[in-house]
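For reference, the chains in residue letters:
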Amino acid sequence: MHLVYPAVLAALLFCTGLYGVLARRNVILVLMSVELMLNAVNLNLVAFDAWLRDTLHAGQALTLFTIAVAAAEIGIGLAIVLLVHRHRGTSDIDRLRDLADTPGTPDAATAEPQPQPDTKAEAPA
């Protein structure tokens, strides 16, 4: 088997995924582009494993591990996207900039706690 064919296909898949990550504004399409990039890496791992004729099949083992990590990543990513979409009403990346910390706002870890007003009603004597 020639190594050039899967390597060129993997490079095309990776470039397509990279373009999708950089150019898209929808979070779901960005996640799909990341999956394309991971599949290109998987294709390279299996192709080089077959080309080197590794007796331990380390490329295929790493591919299985990468598939498991990708499945967990897409599950958590979709859960976050659904939660943000419920609260914000959009999954557009440009409109989700409110989640980032700005230099003018205090960090929750360094901010001093505000005193809470006493809400207990005093019983009449």
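Predicted, not measured: the structure shown is a model, and the values here were computed from it.

Q: How should the pattern of salt bridges be read in this particular structure?
A: In a structure, side chains of opposite charge can pair up when their charged atoms sit close to one another. Scanning the model with the defined rule gives one salt bridge in all. Among the ionic pairs, Asp94 bridges to Arg25, the shortest N-O distance being 3.5 Å. Separated by 69 residues along the polypeptide, Asp94 in the segment after α3 (58-88) and Arg25 in the loop between α1 (4-23) and α2 (27-52) bring together distant segments of the chain. When its relative accessible area of 39% is taken as the criterion, Arg25 is described as partly exposed.

Q: Sorry if this is basic, but what is going on with the confidence of the model for the chain here?
A: Close inspection of predicted coordinates is inappropriate for parts of the model with low pLDDT. Scored by pLDDT, the chain comes out at a mean of 85, with 77% of its residues at no less than 70. Across the chain, the secondary-structure element scoring lowest on mean pLDDT is α3, at 93, and the one scoring highest is α1, at 96.

Q: Would you explain α1 in this entry?
A: Note on helix geometry: an α-helix contains 3.6 residues per turn, so any two residues three or four positions apart are oriented the same way. Taking 1.5 Å of rise per residue, the 20 residues of α1 would be expected to cover 28 Å, and the 28 Å separating its terminal C-alpha atoms lies within 8% of that figure. Here α1 has its buried residues at Pro6, Ala10, Gly17 and Gly20. The arc that holds every buried residue of α1, seen down its axis, measures 85°, which confines them to one face. Exposed residues on α1 whose side chains face more than 90 degrees from its buried face are Val4, Leu12, Tyr19 and Leu22. Looking at the buried residues of α1, the elements they touch are α2.

Q: Help me understand the packing of aromatic side chains, please; the structure alone is not making it clear to me.
A: The relative placement of two aromatic rings is captured by the distance of their centres and the angle of their planes. According to the stated counting rule, one finds one aromatic pair in the structure shown. Ring geometry for Phe48 versus Trp51: centroids 6.1 Å apart, planes at 85°, classification edge-to-face. Here Phe48 and its partner Trp51 are both found in helix α2, three residues apart, which amounts to about one turn of the helix. Of the residues examined, Phe48 reaches a relative accessible area of 36% and is grouped as partly exposed. By relative accessible area, Trp51 is classed as partly exposed at 44%.

Q: Honestly, the nonpolar core in this entry has me stumped. Any pointers?
A: Across soluble globular proteins, nonpolar side chains have a tendency to be buried as a group. Within the largest apolar cluster, five residues are counted, these being Val27, Leu31, Val81, Val84 and Leu96. Of all the secondary structure elements, the ones that give two or more residues to this core are α2 and α3. If near-sequence neighbours (up to four positions away) are discounted, Val81 is found in contact with Val27, Ile28, Leu31 and Ser91.

Q: I would appreciate a short explanation of the packing of α2 against α3 in the present structure.
A: A pair of packed helices can be characterised by two numbers: the angle between their axes and the separation between those axes. Look at α2 against α3: their axes get within 9 Å of each other, and the N-to-C directions meet at 175°. Accordingly, the angle class assigned to the pair α2 and α3 is roughly antiparallel. Among the residues making up the contact of α2 with α3, the classes are represented as 14 nonpolar, six polar and three charged.

Calculation criteria
- Counting starts from 1 at the beginning of each chain's written sequence and moves along it residue by residue.
- Given that the model is predicted, a residue must reach a pLDDT of at least 70 before its local features are reported, and side-chain atom pairs must reach 80 or more before they are shown or counted; all residues, however, enter totals for whole chains, interfaces and linings.
- The side-chain figures draw on all heavy atoms in the structure; neither hydrogens nor water molecules are used.
- Salt bridges are defined as contacts in which a side-chain nitrogen from Lys or Arg sits within 4 Å of a carboxyl oxygen from Asp or Glu.
- By definition, any uninterrupted DSSP run of H or I lasting at least four residues is a helix, any uninterrupted run of E lasting at least two residues is a strand, and each is numbered from the N terminus.
- Each residue gets one of three labels from its accessible area relative to the maximum for its type: buried under 20%, exposed over 50%, partly exposed in between, using a 1.4 Å probe on protein chains only.
- Confidence per residue, as judged by the predictor, is encoded in pLDDT with a range of 0 to 100.
- Multiplying 1.5 Å by the residue count of a helix minus one yields the expected span of that helix.
- Directions are taken from the helix axis to each C-beta atom, and the arc is the one they span.
- In what follows, a contact means two residues having at least one pair of non-hydrogen atoms within 4.5 Å.
- Aromatic contacts are taken between Phe, Tyr and Trp rings whose centres are within 6.5 Å, Trp giving its six-membered ring; a plane angle under 30 degrees counts as stacked, one over 60 as edge-to-face, and the others as tilted.
- Only buried residues count toward a nonpolar core. Its members are Ala, Val, Leu, Ile, Met, Phe, Trp, Tyr and Cys residues joined through side-chain atoms within 4.5 Å.
- Under this scheme, a helix contributes an axis fitted over its contacting stretch, all axes are lines through C-alpha atoms, and angles between N-to-C directions fall in the 0 to 180 degree range.
- Working definition: roughly parallel below 35 degrees, roughly antiparallel above 145 degrees, roughly perpendicular at 65 to 115 degrees, and oblique for all remaining angles.
- As a working rule, the residues Ala, Val, Leu, Ile, Met, Phe, Trp, Tyr, Cys and Pro are called nonpolar, Asp, Glu, Lys and Arg charged, and the rest polar, with Gly in that last group.

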